[in-house]
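# Observations on chain architecture
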Amino acid sequence: MAPTGRAEKAFSFMMTLGISMEEVKPVLIKLLRVYEGNWELIEDDTYRTLVDAYFDFDKDKVVEGERKPNGSGYGGQNSTGEPSLVDSDDCHLLTMDSSSKMLSLEDRKISSKNFERKNIKPSQTITEDVKPETSSQASHSTFSEVKKISNLPRGAAKDGESYPEKASSAGPRGQFENNTVKPRAKKPKLLTSTNHNGDICVKPLSTQDQVLQSNITIASSSRLEEVKISLNCDSALSGLNFSIPDLDVVMRFMDRKYLSSCKTVDPPFSTAKLLNDLCSIFLKLGLRKGSNSNQVNSHSQQHVIQGERKPFNFISDITKGSEKVKISLIDEFGSDALPKFNYIPYNTIYQSAIVSISLARISDEGCCSDCSGDCLSSSLPCACARETGGEFAYTPQGLLKEEFLKACVTMKNEPQEHHYVYCQECPLEKSKNEYMPERCKGHMVRKFIKECWRKCGCHMLCGNRLVQRGITCKLQVFLTRQGKGWGLRTLEDLPKGTFICEYVGEILTNMELYDRIMEESWNERHTYPLTLDADWGSEKGLKDEEALCLDATYNGNVGRFVNHRCYDANLIDIPVEIESPDHHYYHLAFFTNKNVSAYEELTWDYGIDFADEDHPIKAFRCSCGSTLCRDKKQKGKGKMKKPSS
Ligand SMILES: C[S@@+](CC[C@H](N)C(=O)[O-])C[C@H]1O[C@@H](n2cnc3c(N)ncnc32)[C@H](O)[C@@H]1O
């Protein structure tokens, strides 16, 4: 029996706590029985009941060993005196009731093996074997090469024409000045191995030295750890199946116990109790992990012999600590290789791109040096709101304003002739054929947001500094089921207008991108370049070094995982000016354009025109699943009308 949508969501949520489907399933079935199928009670308060029930179940199973007869377990009362939910006999029967689509116990055990660092080979870094690239090859482009560039995701299209998508720029948080990505090795093999090192993987499985590790820092006053709280594990634990649990998971259990459930206001609360609980949760999770990891080894051997099962993968933070929030990655099916790229939180110049950032270029009229505090709370909008017609684009709650969002969505979905500008010499056409470039096909005029920046007098927490403060939502990279590869989803409900993330990559000139595509076979399954062309049409004689693109193939952030959806995607990409007053360079930020529920995939419309016969080689066969899908080659698709916004 395949899990229902609600069960799937519950499993996905528990996965984020590092608990597999196999482990959750018996508890969930029990709860459903006890609550007579009332899902609300289970889903309430972000699955609090399920987590608590699982935890009690797990505790009884692992710590107490053999379950006692009815009365002391889930059928009676648990140690906290709360009614328990499952009895041991049923539990056994229910565990046998595994559906073929769910991970079996073997899956879970084997999967843990994949957490081992050895499964992700120590990578060569991007600094190895590097040679600078030249862009000179571009001038020798042939017709077939020209065709290849059409493989890129393309920008919002005008009447059936489409162009490389726009993206935006560099270090919103002011980090990229003079940061140049070291020249990339020419062989993709080298580069693609730069991906995940130990920092971002779940720790290796239980070993004696881990077991005996002590003084594990759980909190500190700052990174310097002037004052810190450490956990000290008793060496007697080495005699048990104990392995250091993932601290992130421990903290989430604590959050759940105290914060999400508002237990902090209960009379029994005390700091000492909280810290004791932290220790006991650490112990319980460690024992669970230890007992799992012991089983892993034997089963992973079985895996090799039988060659049937593949592990699933879980990485607790793909950002390597470079974002304010951790972003996990999960492959519930164990069916795909881990993504190979280097995580960077800010756009970074690859080599020749010119991105002028200087305070002198920001005029006094172009910033708000006289402001202080929060610009959004002042009675008159400051100079930084001029770009958006004298009104700030953001609400005091940190969301995009409804009217602004609506105007952007309308422009994207229903572009009019006057929404386009045309270059005299289009960099895109020039990169395809330098000597006889074709006529510019037009670039969509974009609505920009302008954020306050360093010359402004306001606070870093000013409401007009949203994108530059970085990602704050709970996000997860996951393996999609529709053959789209990896995708991005939210782990929490998000209101319309929420900032999700930027699209971050290497800043390349258009020529460099072309060279990159030509030099390499570019046979990769997925492609990640975008064109920052919002300003191309409005300037005469744009220099090559000013016609910029972003490529997240080798270096990028979580934005590189956002898949395409035709028309009714839940994200919209909006150009944001932060540190660079000219619009050669800008940031491309994703915002939700509707309310999005937890565990929904986040998608944006790449603007690809699948019907464009001039570009027979498509970037991909679209499987977005939208009833408005533009890829009419997909079976069962008729002529689709654009939605009105
Ligand atoms: C920017 S990447 C998105 C992340 C990518 N899925 C991955 O696994 O890394 C763009 C690529 O994802 C795939 N993709 C995105 N949206 C898709 C869709 N609607 N249908 C099929 N493939 C899609 C295509 O291979 C495309 O070249």
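An account of the accompanying structure is given in this report. (Residues numbered from 1 in each chain as written. Predicted model: local features only at pLDDT ≥ 70, side-chain atom pairs only at ≥ 80, totals over all residues. Heavy atoms only, no water.)

### Concerning the packing of aromatic side chains
Rules: Note on aromatic pairs: the rings of Phe, Tyr and Trp (six-membered ring only in Trp) are paired at centre separations within 6.5 Å, and the planes decide the class, stacked below 30 degrees, edge-to-face beyond 60, tilted for the rest. A helix here means a DSSP run of H or I that spans at least four residues, while a strand means a run of E at least two residues long, and both kinds are numbered starting from the N terminus. Under the scheme applied here, a residue whose accessible area is under 20% of the maximum for its type counts as buried, over 50% as exposed, and between as partly exposed, the area being computed with a 1.4 Å probe on protein chains only. To sit over a ring, a charge needs its Lys NZ or Arg CZ within 6 Å of the ring centre and within 35 degrees of the ring normal.
Tallied over the entire structure, the rule returns twelve aromatic pairs. Where Phe13 meets Tyr47, the ring centres are 5.1 Å apart and the plane angle is 25°; that geometry is what we call stacked. Taken together, the residues Phe13 in helix 1 (residues 5-16) and Tyr47 in helix 3 (residues 39-62) connect sequence positions 34 residues apart. Across this residue pair, the class does not change: Phe13 and Tyr47 are buried. Among the aromatic residues, those joined into a cluster by ring pairs are Tyr503, Phe590, Trp604, Tyr606, Phe610 and Phe620. Above the plane of the ring of Phe561 lies Arg560, whose end atom (NZ or CZ) is 5.1 Å from the centre.

### Here's the deal with helix 2 (residues 21-34)
Under the convention used in this document: To estimate the expected span of a helix, subtract one from its residue number and multiply by 1.5 Å.
Here helix 2 is 14 residues long and its end C-alpha atoms lie 19 Å apart, about the 20 Å a rise of 1.5 Å per residue gives. With eleven of its 14 residues buried, helix 2 lies for the most part within the structure. Buried residues of helix 2: Met21, Glu22, Glu23, Val24, Lys25, Pro26, Val27, Leu28, Ile29, Lys30 and Leu31, and no others. After helix 2 finishes, the residue Glu36 shows a positive phi value of roughly 55°.

### Examining the site of the ligand
Keep this limit in mind: Here a residue is near a molecule or strand as soon as one of its heavy atoms is found within 4 Å of it. Any pair of nitrogen or oxygen atoms within 3.5 Å is treated as a polar contact; in protein, a donor-acceptor pairing is required on top of that, and neighbouring residues in sequence qualify only through side-chain atoms on both sides. Each residue is assigned to one of three groups, with Ala, Val, Leu, Ile, Met, Phe, Trp, Tyr, Cys and Pro labelled nonpolar, Asp, Glu, Lys and Arg labelled charged, and all others, Gly among them, labelled polar.
In the vicinity of the ligand there are 18 residues, among which Lys484, Trp486, His526, Tyr528 and Asn563 approach most closely. In the model, a nitrogen atom of the ligand is placed 2.6 Å from a nitrogen or oxygen of the Lys484 main chain. Between the ligand and Asn563, the relevant distance is 2.8 Å, taken from a nitrogen atom to a side-chain nitrogen or oxygen of the residue. Looking at the shell around the ligand residue by residue, the classes come out as eight nonpolar, six polar and four charged.

### As for the packing of helix 1 against helix 2
To keep things clear, this is the line we draw: Convention adopted: a line fitted to C-alpha atoms gives each axis, helices being fitted over their contacting stretch, and angles between N-to-C directions are expressed from 0 to 180 degrees. Throughout this description, any angle smaller than 35 degrees is read as roughly parallel, any larger than 145 degrees as roughly antiparallel, any in the 65 to 115 degree range as roughly perpendicular, and the remainder as oblique. Crossings are classed by handedness, with left-handed meaning an anticlockwise turn of the near helix from the far one by less than a right angle and right-handed meaning a clockwise turn. Note on contacts: a residue pair qualifies if any of its non-hydrogen atoms lie within 4.5 Å across the two residues.
Between helix 1 and helix 2, the shortest axis-to-axis distance is 10 Å and the interhelical angle comes to 130°. Classed by the angle they form, the pair helix 1 and helix 2 counts as oblique. The handedness of the crossing between helix 1 and helix 2 comes out as right-handed. Here Ala7, Ala10, Phe11, Met14 and Met15 of helix 1 lie close against helix 2, whose contacting residues are Met21, Val24, Lys25 and Leu28. Each residue belonging to the contact of helix 1 with helix 2 can be placed in one class, and the counts come to eight nonpolar, no polar and one charged.

### As for the pattern of salt bridges
Put simply, the test is: What makes a salt bridge here is a side-chain nitrogen of Lys or Arg within 4 Å of a carboxyl oxygen of Asp or Glu, nothing more.
A complete count under the given rule lists 21 salt bridges for this structure. We note a salt bridge from Glu546 to Lys543, for which the minimum N-O separation is 3.9 Å. Glu546 gets classed as buried once you look at its relative accessible area, which sits at 14%. One connected set of salt bridges, linked through shared partners, spans Arg6, Glu40 and Glu43.

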